[in-house]
Amino acid sequence: GENVEQHPSTLSVQEGDSAVIKCTYSDSASNYFPWYKQELGKGPQLIIDIRSNVGEKKDQRIAVTLNKTAKHFSLHITETQPEDSAVYFCAAETGANNLFFGTGTRLTVIP
Amino acid sequence: DAGVTQSPTHLIKTRGQQVTLRCSPISGHKSVSWYQQVLGQGPQFIFQYYEKEERGRGNFPDRFSARQFPNYSSELNVNALLLGDSALYLCASSLAGGGKTQYFGPGTRLLVL
């Protein structure tokens, strides 16, 4: 089955700086890669996603890049704000609506 | 529009008991998936249902079962609870199966004593 690795496990940045979280996947059949933000006591919230026919996608301060050859994808958050502090999960899906999640990155934005 | 709703929000059970968790998908969504999230880890896939049929099953024992109703709501049942079943159980809905965006509910936190 699919194996998704995520790094780093924790990340602290100063407010206004950028944050980058990286994930790798093992199954070349994976074709959909969402990113979720999870705040304490809440369910994961979709923040951005990318499909395998696209190399990069942006939504305001958030961007995701995908390298299919290397089987890795990354989340970039620019101009970080304290409200960006949360746990972020990457995931991969082969098309069967079965998401395989990474182990999460706890992002702390220091005011 | 209402998002995915789950009930109950919290539950405490003892070993050996049985539990039923409930999920209502976003209006118009026909697919529901269940995930287990142990503290400090990412969610793990348990089941996917689409149009009332099981379309996928993760690596969980037969003590876990689920069903989907004609109104697309779903129930997850866990029998013979073990301490290790303590987790946040998440329900996600999507328009259809296969590569469609999944939207998660707030989860049910289950504690097994």
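The residue count restarts for each chain, going from 1 along the sequence in the order it is written. Lettering for chains starts from A, numbering for ligands starts from 1, and both go in the order in which the items are written. The model is predicted, so local features are restricted to residues of pLDDT at least 70 and side-chain atom pairs to those at 80 or more, both for listing and for counting; the totals for chains, interfaces and linings are taken over all residues. Excluded from the side-chain calculation are hydrogens and water; included are all heavy atoms of the structure.

A. Main features of the side chain of Asp-85 of chain B. All names here are of chain B. Strands here are runs of E lasting at least two residues and helices are runs of H or I lasting at least four, both read from the DSSP assignment and numbered beginning at the N terminus. With respect to the element layout, Asp-85 can be found in the loop between β8 (74-78) and β9 (87-94). Residue burial is assigned from relative accessible area. The probe radius is 1.4 Å, only protein chains are included, and a residue is buried under 20% of its type maximum, exposed over 50%, and partly exposed in between. A relative accessible area of 4% places Asp-85 in the buried class. Within the structure, Asp-85 has its side chain in polar contact with the backbone nitrogen of Leu-82 (distance 2.8 Å). Contacts are residue-level and defined by heavy atoms, with any inter-residue pair within 4.5 Å sufficient. Those residues in contact with Asp-85, other than ones at most four positions away along the chain, are Gln-36, Arg-63, Phe-64, Val-78, Ala-80, Leu-110 and Val-112. What qualifies as a polar contact is a pair of N or O atoms within 3.5 Å, subject to a donor-acceptor requirement within protein and to the restriction that residues adjacent in sequence count only when both atoms come from side chains.

B. Structural context of the state of the cysteines. Residue and element names in this part refer to chain A. Put simply, a disulfide is two cysteine sulfurs that come within 2.5 Å. For the structure on display, the rule yields two disulfides over all chains. There is a disulfide in this structure between Cys-23 and Cys-90, and the S-S distance comes to 1.9 Å. Every disulfide takes its handedness from the sign of the S-S torsion; for Cys-23 and Cys-90 that torsion is -100°, giving left-handed. Highlighted residues: Cys-23 in strand β3 (residues 19-25) and Cys-90 in strand β9 (residues 86-93), separated in sequence by 67 residues. Per residue, the accessibility class of Cys-23 equals that of Cys-90, and both read buried.

C. Structural detail: the sheet that holds strand β6 (residues 56-59) of chain A. All names here are of chain A. In this description, strands pair whenever DSSP reports at least two bridges between them. Across the sheet, which stays open at both edges, the five strands sit in the order β1-β3-β8-β7-β6 with antiparallel pairing between neighbours. What marks the edges here is a single partner per strand, and that holds for β1 (4-7) and β6. The average angle at which neighbouring strand axes cross in this sheet is 15°, direction not considered. In this analysis, axes come from line fits to C-alpha atoms, helices being fitted only over the stretch in contact, and the angle between any two N-to-C directions falls in the range 0 to 180 degrees.

D. Highlighting the interface of chain A and chain B. Counting residues at the interface gives 20 residues for chain A, matched by 24 residues for chain B. Two parts placed together each lose some accessible area under a 1.4 Å probe, and the buried area is that loss summed for both. Across the chain A/chain B interface, buried area totals approximately 1400 Å², and carbon plus sulfur atoms make up 47% of it. Sorting the residues of chain A by area buried against chain B places Pro-44, Asn-97 and Phe-101 of chain A first, and these three jointly supply 36% of that buried surface. Each reported salt bridge corresponds to a side-chain nitrogen of Lys or Arg within 4 Å of a carboxyl oxygen of Asp or Glu. Counting across the chain A and chain B interface gives zero salt bridges. Counting the contacts that link chain A with chain B gives five residue pairs in polar contact (both at pLDDT 80 or more).

E. Focus on the packing of aromatic side chains. Pairing of aromatic rings covers Phe, Tyr and Trp, the last through its six-membered ring, and needs centres within 6.5 Å; plane angles under 30 degrees mean stacked, over 60 mean edge-to-face, and all others mean tilted. All chains considered together, the criterion is met by 13 aromatic pairs over all chains. Relative to Phe-73 of chain A, the ring of Trp-35 of chain A lies with its centre 5.6 Å away and its plane at 65°, an arrangement referred to as edge-to-face. With Trp-35 of chain A in strand β4 (residues 32-38) and Phe-73 of chain A in strand β8 (residues 72-77), this residue pair connects regions lying 38 residues apart in the sequence. The same class applies to Trp-35 of chain A as to Phe-73 of chain A, namely buried. For the pair Tyr-36 of chain A and Phe-104 of chain B, a centre-to-centre distance of 5.1 Å together with 90° between the ring planes defines the contact as edge-to-face. Of this pair, Tyr-36 of chain A sits in strand β4 while Phe-104 of chain B sits in strand β10 (residues 103-104), each in a different chain. Side by side, Tyr-36 of chain A and Phe-104 of chain B carry an identical accessibility label, which is buried. What links up through ring pairs into an aromatic cluster is the set Tyr-36, Phe-89 and Phe-101 of chain A together with Tyr-35, Phe-45 and Phe-104 of chain B.

Any functional reading would require information beyond the geometric quantities listed.
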